[in-house]
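Architecture at a glance
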Amino acid sequence: MGIKRKKQSPVCLLEPVSEPFALVIFGASGDLTKRKLIPALFNIYKESLVPERFFILGTARTEYSSIEFRDILSEHVTTDALWQNFKRHLFFQPIDYNDRITYITLRKTLKRHEKTFQTKGNRLFYLAVPPQLTEDIVKMIGESGLAESEGWKRIVVEKPFGWDLPSAKRLNELLQRYFKEEEIFRIDHYLGKETVQDILLFRFANSIFEPIWNRNFIDHVQITASESIGVEKRAGYYEKAGIIRDMFQNHILQLMSLIAMEPPALFEPARIREEKVKVFRSLREITRADIPEYTVFGQYIEGVIDGQKVVGYRDEEGVRKDSHTPTFAALKVFIDNWRWQGVPFYLRSGKRLKRRVTEVSIHFKTVPHSIFKNVLSEEIKPNVLVFRIQPDEAIELTFQTKIPGTTLCFREVTMNFSYRQQDHSMPEAYERVLMDCLRGDHLIFVGQEGVEKAWEFFTPILKFLDKGKKLIFHINDYRAGTWGPPEAEEFIRRDGRQWWVR
Ligand SMILES: NC(=O)c1ccc[n+]([C@@H]2O[C@H](COP(=O)([O-])OP(=O)(O)OC[C@H]3O[C@@H](n4cnc5c(N)ncnc54)[C@H](OP(=O)(O)O)[C@@H]3O)[C@@H](O)[C@H]2O)c1
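Here's what I pulled together on the structure shown here. Keep in mind the model is a prediction, meaning the values are calculated, not measured.

A count of helical and extended segments in the protein chain gives 13 helices and 17 strands. Relative to its length of 502 residues, the protein chain is compact, with a C-alpha radius of gyration of 24 Å against a globular reference of 23 Å. Taken over the C-alpha atoms alone, the protein chain extends approximately 80 × 55 × 45 Å along its principal axes. For the protein chain, with 502 residues in total, the buried portion stands at 40%. Of all intrachain contacts in the protein chain linking residues separated by at least 6 positions in sequence, the fraction that spans at least 24 positions is 80%.

Written out as structure tokens, the structure reads:
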């Protein structure tokens, strides 16, 4: 096709996809496809990370032609000469999600393009649809024979994986009826972020941290994932989901498992998954009776964010006026194993908080004895190691130094490694996600047992929250633009600690 694509240089970067493929996107008229999937694919195409023999077949109820589909996607990328090339690989075929006949038509279209692009029957099905459609589409893919081909077949499912433990089990059973576990890619796009992946490298490629990575040296761990946005157009979903299903069962628990897991013998997806699952198996149950002590829930009321007045949750479009859906939660979690015995993990997430930040902070113990107590009135602050996942991705370590001068005074300084200041550009999470699906690499994806164990842990909390109206005394108001309800500050202060991100 005559246009030179940029050559990949350092060998440590991603291995290109070597095999030809067809990518079939369900729900391709939607937001994820336009804003994330196609721009990510176009980027990896520009980097010469995919072969020329590929095509993307979008499908949804909207009756786009392939030309219309290409035009709409053009609005979300820089339309240079390479785009003109790339867009010749894009096609659209409308479908009715519940009508088998339309899947059979889709299969015929797929086969026709497979012949043109010589993709050897390698098929990646991407379910970019709201979760309530997932089961129907999986069933139809199976029953219509779409998943039968002479090449490899894989399926990508976006979180949430189920709604609770029984529905997650049902979804897993259905997926495994038509696909083997190694053909199923459950995405938690947080795990595609460079900073999240770097947690493993940081822990297991630096010998100075692992010996102190345990209850002997670590006082506690905090994970904060805050958003300044509200529910936006997702009230229908959010009203039923709430903060636990939206953030804790997936992103936050996954982050926690990377911090807490044991080193696997080898850097292999299956071994890493197994170590993460062991963390989930060791979580101390929060029973119904424990909920008041180990959790705080909140819902935002009107407030000010970035100088703008914003409405409260109950005044958002699509939200019930008497809604008891929590938009904030703080949890104290323990891992019952030797490494972490007695070390609390404080987990916090919410909408309409002061600013958007996702951060893991490891709080080390204070010095066992201060030799400065006779000359210094202030307390020596403990070291804190921070993984900032977003924004301004960074790793930071705080420590104490002397303020220059004749008197003895301490100051806390921060050693900072900022990803943005380095030479390499930060790839978008979806670039990594798509590359790994196309190469069959499971490292950043979630396995069946991991999903089910995470649901199991949250089952008593979800049962409690799903009681709805009876919760009136348990959901605390917090003003939009703050760090959550005052009860969450009190929650950690009770333990003699305070939230790190302020
Ligand atoms: N958007 C993001 O940035 C993002 C980020 C991370 C994860 N995700 C996940 O990715 C998936 C897709 O997200 P999205 O934002 O692209 O979703 P979306 O725009 O709401 O929906 C995708 C497509 O699904 C079809 N659809 C939507 N609601 C439907 C309904 N009630 N019944 C039948 N069809 C319906 C629509 O296509 P037709 O009407 O043409 O059929 C729509 O264009 C979700 O699971 C989401 O949680 C999204």
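At the junction of Lys 159 and Pro 160, the peptide bond is cis and its omega measures out at 5° in the coordinates. Looking at the element boundaries, Pro 160 is found in the loop between β5 (153–158) and α6 (165–178). Note that the residue after Gln 390, namely Pro 391, is joined by a cis bond; omega there is -20°. With respect to the helices and strands, Pro 391 occurs in the loop between β14 (384–390) and β15 (394–402).

With that settled, the discussion passes to the packing of α6 against helix α12 (residues 448–465). The N-to-C vectors of α6 and α12 enclose an angle of 165°; their axes lie 9 Å apart at closest approach. Comparing the axis directions of α6 and α12 gives the class roughly antiparallel. Two packed elements cross with a definite hand, and for α6 against α12 that hand is left-handed. Side by side, α6 and α12 meet where Leu 165, Ala 168, Lys 169 and Asn 172 of the first sit next to Gln 448, Val 451, Glu 452, Trp 455, Glu 456 and Thr 459 of the second. Within the contact of α6 with α12, the residues separate by chemical class into four nonpolar, three polar and three charged.

So, about the sheet that holds strand β3 (residues 90–92). Here six strands make up an open sheet; going across it, the order is β3-β2-β1-β4-β5-β6 and the pairing parallel. Edge positions in the sheet fall to β3 and β6 (184–187), since each has one partner strand and no second. Across this sheet, the average inter-strand angle for adjacent strands is 20°, counted without regard to direction. Here strand β2 (residues 54–59) pairs with β3 via three bridges, running parallel. Each residue of the ladder has a partner; that of Gly 58, found in β3, is Phe 92.

Near the ligand there are 17 residues, and of these Gly 30, Leu 32, Ala 60, Arg 61 and Thr 62 occur at the shortest range. Per-element accounting of the shell around the ligand gives the leading share, four residues, to helix α1 (residues 31–46).

Attention now moves to helix α13 (residues 486–493). Of the positions making up α13, those classed as buried are Ala 488, Phe 491 and Ile 492. The buried residues of α13 occupy one face: seen down the axis, they fall within an arc of 85°. More than 90 degrees from the buried face of α13, the exposed residues found are Glu 490 and Arg 493. The elements touched by buried residues of α13 are β8 (295–301), β11 (328–333) and β12 (345–350).

Once that is clear, we can look at the environment of Gly 192. Relative to the elements of secondary structure, Gly 192 occurs in the loop between β6 and α7 (194–204). Gly 192 gets classed as buried once you count the C-beta atoms within 10 Å, which come to 22. A C-alpha to C-alpha distance of 9.6 Å links Gly 192 and Leu 443, two positions 251 residues apart in sequence. Those residues in contact with Gly 192, other than ones at most four positions away along the chain, are Ala 429, Tyr 430, Arg 432, Val 433 and Ile 444.

If you walk across this open sheet you meet the nine strands as β16-β15-β14-β13-β7-β12-β11-β8-β17, and the pairing is mixed. Each edge of the sheet is formed by a strand with only one pairing partner; in this case those strands are β16 (410–418) and β17 (475–479). For this sheet, the mean inter-axis angle between neighbouring strands, taken without regard to orientation, is 20°. Across nine bridges, the pairing between β15 and β16 is antiparallel. Paired with Ile 395 across the strands is Phe 417, a residue of β16. Of the strands in this sheet, β7 (218–226), β11, β12 and β13 (357–364) are in contact with helix α8 (residues 235–260), which crosses β12 at around 145°. On top of the sheet, α13 reaches β8, β11, β12 and β17; it is set at about 155° to β8, its chief contact.

We now examine helix α5 (residues 134–143). Within the span of α5, buried status applies to Thr 134, Ile 137, Val 138, Met 140 and Ile 141. Take α5 and look down its axis: the buried residues cluster within an arc of 165°, on one side only. Packed against the buried residues of α5 are β1 (21–26), α4 (100–117), β4 (123–127), β5 and α6. Gly 145 sits one or two positions beyond α5 and adopts a positive phi of about 80°.

What follows deals with the pairing of β13. With six of its eight residues buried, β13 lies for the most part within the structure. Note: β7 against β13, eight bridges, orientation antiparallel. Residue pairing in the sheet places Ile 223 in a bridge with Val 360 of β13. Alignment of β13 against β14, held across six bridges, turns out to be antiparallel. Residue Ile 362 lies in a different strand from β14, and its bridge partner there is Leu 385.

Scoring rules and cut-offs
- Residues numbered from 1 in each chain as written.
- Predicted model: local features only at pLDDT ≥ 70, side-chain atom pairs only at ≥ 80, totals over all residues.
- Helix = DSSP H or I, 4+ residues; strand = E, 2+ residues; numbered from the N terminus.
- Rg over C-alpha atoms; globule rule 2.2 N^0.38 Å.
- Buried ≥ 20, exposed ≤ 12 C-beta atoms within 10 Å, placed from the backbone.
- Contact = placed C-beta atoms within 7 Å.
- Axes fitted to C-alpha atoms, helices over the stretch in contact; angles between N-to-C directions.
- Parallel < 35°, antiparallel > 145°, perpendicular 65-115°, else oblique.
- Left-handed = near helix turned anticlockwise from the far one by under 90°.
- Nonpolar A, V, L, I, M, F, W, Y, C, P; charged D, E, K, R; others polar.
- Pairing = 2+ DSSP bridges.
- Near = placed C-beta within 6 Å.
- Arc of directions from axis to C-beta.

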